[in-house]
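Examining the three-dimensional arrangement
Take a look at the letters that make up each chain.
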Amino acid sequence: MSGADRLSIRAAALALDGGGRDKPDTKQDVFADLGSPVSPLRRPGATPSSSSSRRLCAMLGWGGDGGGGGGCGGGSTASSPLTNALPTGNICPSGRVNAAPPPAPPRRARPDVLGSGTGHYGHGSIMRGGVASVGATAPARSSIDAAAGGSYYSRSPASCPGNLQEVTRAGNEWYKKGNYGEALRHYDQAVALCPDSAACRSNRAAALAGLGRLADALRECDDAIRRDPTSARAHGRLAALCVRFGMVERARKHFMLAGQVNQSDHAELQRLQEVERHLGRCMDARKTGDWKSALREADAAIANGADSSQLLLALRSEALLRLNKLEEADSTMTSLSKLDNVSLSSVSTKLSGMVADSYVHVVQAQVNMAFGRFDTAVTMVEKARVIDPGNLEIGRIINNIRLVAQAREQGNELFKAGRFAEASIAYGEGLKYEPSNPVLYCNRAACWSKLGRWVKAVEDCNEALKIQPGYTKALLRRAASYAKLERWADCVRDYEVLRKELPSDREVAESLFHAQVALKTTRGEDVANMKFGGEVETVTSIEQLRDTIHSPGVSVVYFMATMNQQCQQITPSVDSLCSECPSVNFLKVNIDESPMVARAENVRIVPTFKIYKDGARVKEMICPSLHILRYSIRHYAVSSS
């Protein structure tokens, strides 16, 4: 090194240290956070001495990125071997540089932030400034702490038993490949080697999130932060997970603790703000009873990243319940039950005076009540009371659910005993406490049917179907009541709906057939040739074919050949369809045995199917798939009234 270089270095050292010639670096400054090999973490509260050391390193060409164990500002703890870090003690004790600095390692290029797409995440993205990405479509496979040593709050990798860096490096490679199971196995080994390392636990959280074990990842991030409250990476990961759980207040807190936000992270904070905005609007709509808006805003919050939020799914389910979309509400509750269970204690907003955790259980109870699962409903609301024991609203809900459950049980016992009038009164008592319960209406309709009060039965079935339009049992009871009242058009309409829902139910098919016959009779139509069920009829003459297809109802003519391979494959399915659709006439023409019939119908290719309705041909299919054949036959069977 020339004399001019030495003077330049000395001047730089004096300038960085504010003129303090013999000012030593503190242990804390030298052994800063190890961070990530591709994304060094910057502490918001870095001391002037640490900052000066990094600037000096940059001027000397020793590497300014604090990587996973080398470079300035990102090395190991006190017991780690240092190669590229600033020397401890006085920077220039004699005003001269005694030895030439080590050769400058090549600087690592910082990659840009990966993603912020539309997918859901929780495991972080490659970051600048220590804030985890919230919107990556797939996990960013480089956002892991390379050395896994952490800051001076944590144990040094060199002080831990075994080859920690080798284990961590292997885990990082698996993580980058998207094999989170193998990555987790290696990170578990790293935690076992250095249990006090916040960086090891933060890496483990990233792998857990990649595996979809979000609650475990959340707890691991909490553990990392307890061990190192200044770990920007752990705060960033925890914030991203909180967004997915819909805990926006806690997410915002940890985003701020993660450190200064770079421009590249604004999109991620915008995502948090979108979730927060839609959640707030959903809450406001709920207060005013605007359930359509509440549903729309809940869906928007979930789509913007809160895909694992129990609170938002409960809000969605309640809105669907109020809109009489019970099946969707129940499906949403099923999805909620599959989510990782995390406490919502950080959510400060109350819903109808209930804390968030209690509210979720209350909505679960209400949905179970609507489907007649009264015991489960009681269990759920009891859980809500354990969480919020002094809440008066929960106490009122518990009382109502218990009274409704008791009324239903009493009504069932009376019905089994044949005391139908008393059973109807018991079900009515339950409706006083739960006036929108379709099960109680349907049960009372059964009592009216047993008592021969068909009009009352239809009325209660109508109420049940208003609340739950797809309630099969109520539809069956109403159709039977219409038949007793000889309201055949209404009866046929209900049975046609049931036929679509229960295509293999022979009893429904037979009831529909008899209702169709009765309806045609009242209209003065010929029903002499209408028949129900039977086997596939073999046609051997043109006259036999014409007589059959001109009879009322639907007829299916199957043209086939014994040795044809496609016919051999589809014939068993035709026999099955004959059993499934007993109101349809099935005919079979073997073109080898009855060539005159085939020529009269202009059939040259087999298998060919022709569908006739009341004597008119409505469809012809040549070599159809079984799916199309079944769909077509069922379609005309249920519309043959």
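Every value quoted in this text rests on a predicted model; they were computed, and no experiment measured them. (Residues numbered from 1 in each chain as written. Predicted model: local features only at pLDDT ≥ 70, side-chain atom pairs only at ≥ 80, totals over all residues. Heavy atoms only, no water.)

Right, let's get into the overall build of the protein. Check the secondary structure of the protein and you find 26 helices and seven strands. Across the protein, every contact between residues at least 6 apart in sequence was considered, and the portion connecting residues at least 24 apart equals 63%. A total of about 28500 Å² of accessible surface is found on the protein, and carbon and sulfur atoms cover 50% of it. (Helix = DSSP H or I, 4+ residues; strand = E, 2+ residues; numbered from the N terminus. Contact = heavy atoms within 4.5 Å. Areas by Shrake-Rupley, 256 points an atom, 1.4 Å probe, with all protein chains shown as cover.)

Its location among the elements puts Met-247 in the loop between helix H8 (232-244) and helix H9 (248-257). Given a relative accessible area of 2%, Met-247 falls into the buried group. The spacing of Met-247 and Glu-276 is 29 residues in sequence and 8.8 Å in space, taken between C-alpha atoms. Look past the residues within four positions of Met-247 in its chain and what remains in contact with it is Leu-218, Cys-242, Ser-343, Leu-344, Ser-346 and Val-347. (Buried < 20%, exposed > 50% of the residue type's maximum accessible area, 1.4 Å probe, protein only.)

Feature annotation in UniProt assigns "repeat: TPR" (unreviewed entry) to the following positions: residues 164-197. Across residues 164-197, helical content stands at 79% and strand content at 0%; the span's end C-alpha atoms are separated by 11 Å. (UniProt positions renumbered as here; feature names shortened; annotations may be inferred.)

Time to look at the pattern of salt bridges. When the charged atoms of two side chains with opposite charge come close together, those side chains can pair. Following the criterion strictly, the structure yields 31 salt bridges and no others. Here Arg-201 ties to Asp-223 by a salt bridge, and the two come within 3.3 Å at their closest N and O atoms. One end of the pair, Arg-201, is in helix H6 (residues 198-210); the other, Asp-223, is in helix H7 (residues 214-227), with 22 residues separating them in the sequence. Comparing Arg-201 with Asp-223, the two get one shared label, buried. Across the pair Arg-226 and Asp-223 runs a salt bridge whose closest N-O atoms are separated by 3.8 Å. Separated by three residues within a single helix, Arg-226 and Asp-223 lie in helix H7, roughly one turn from each other. Take Asp-223: its relative accessible area is 14%, and that puts it in the buried class. Three or more residues joined by partner-sharing salt bridges are found here, namely Asp-188, Asp-196, Arg-201, Arg-204, Glu-220, Asp-223, Arg-226 and Arg-227. (Salt bridge = Lys/Arg side-chain N within 4 Å of Asp/Glu carboxyl O.)

What sets the pattern is the α-helix's 3.6 residues per turn: residues three or four places apart point alike. Compared with the 16 Å implied by 1.5 Å per residue over twelve residues, the 16 Å span of helix H13 (residues 326-337) between its first and last C-alpha is a close match. Listed as buried for H13 are Leu-326, Ala-329, Asp-330, Thr-332, Met-333 and Leu-336. Here the buried residues of H13 occupy an arc of 160° about the axis, which is enough to place them on one side. Buried residues along H13 sit against helix H12 (310-322), helix H14 (356-370), helix H18 (438-450) and helix H19 (454-467). (Expected span 1.5 Å × (residues − 1). Arc of directions from axis to C-beta.)

Attention now moves to the packing of H6 against H8. At their nearest, the axes of H6 and H8 sit 10 Å apart, and the two run at 25° to each other. Here H6 is positioned roughly parallel relative to H8, judged by the angle of their axes. Note on packing geometry: the crossing formed by H6 with H8 is left-handed. Here Ser-202, Asn-203, Ala-206 and Ala-209 of H6 come into contact with H8, specifically with Arg-233, Ala-234, Arg-237 and Leu-241. Here the contact of H6 with H8 is built from residues that sort into four nonpolar, two polar and two charged. (Axes fitted to C-alpha atoms, helices over the stretch in contact; angles between N-to-C directions. Parallel < 35°, antiparallel > 145°, perpendicular 65-115°, else oblique. Left-handed = near helix turned anticlockwise from the far one by under 90°. Nonpolar A, V, L, I, M, F, W, Y, C, P; charged D, E, K, R; others polar.)

Here we come to the pairing of strand E4 (residues 554-560). Counted residue by residue, E4 has seven buried out of seven residues, so it is predominantly covered. Taking every second residue as pointing to the same face, both faces of E4 are buried, with Val-554, Val-556, Tyr-558 and Met-560 on one and Ser-555, Val-557 and Phe-559 on the other. Judged from the six bridges that link them, E4 and strand E5 (residues 585-590) form a sheet pairing that is parallel. Within the sheet, the bridge partner assigned to Val-556 lies in E5 and is Phe-586. A crossover links E4 with its parallel partner E5, the connecting element being helix H24 (residues 565-580), and its sense is right-handed. (Pairing = 2+ DSSP bridges. Right-handed = clockwise from strand over helix to strand, strands pointing away.)

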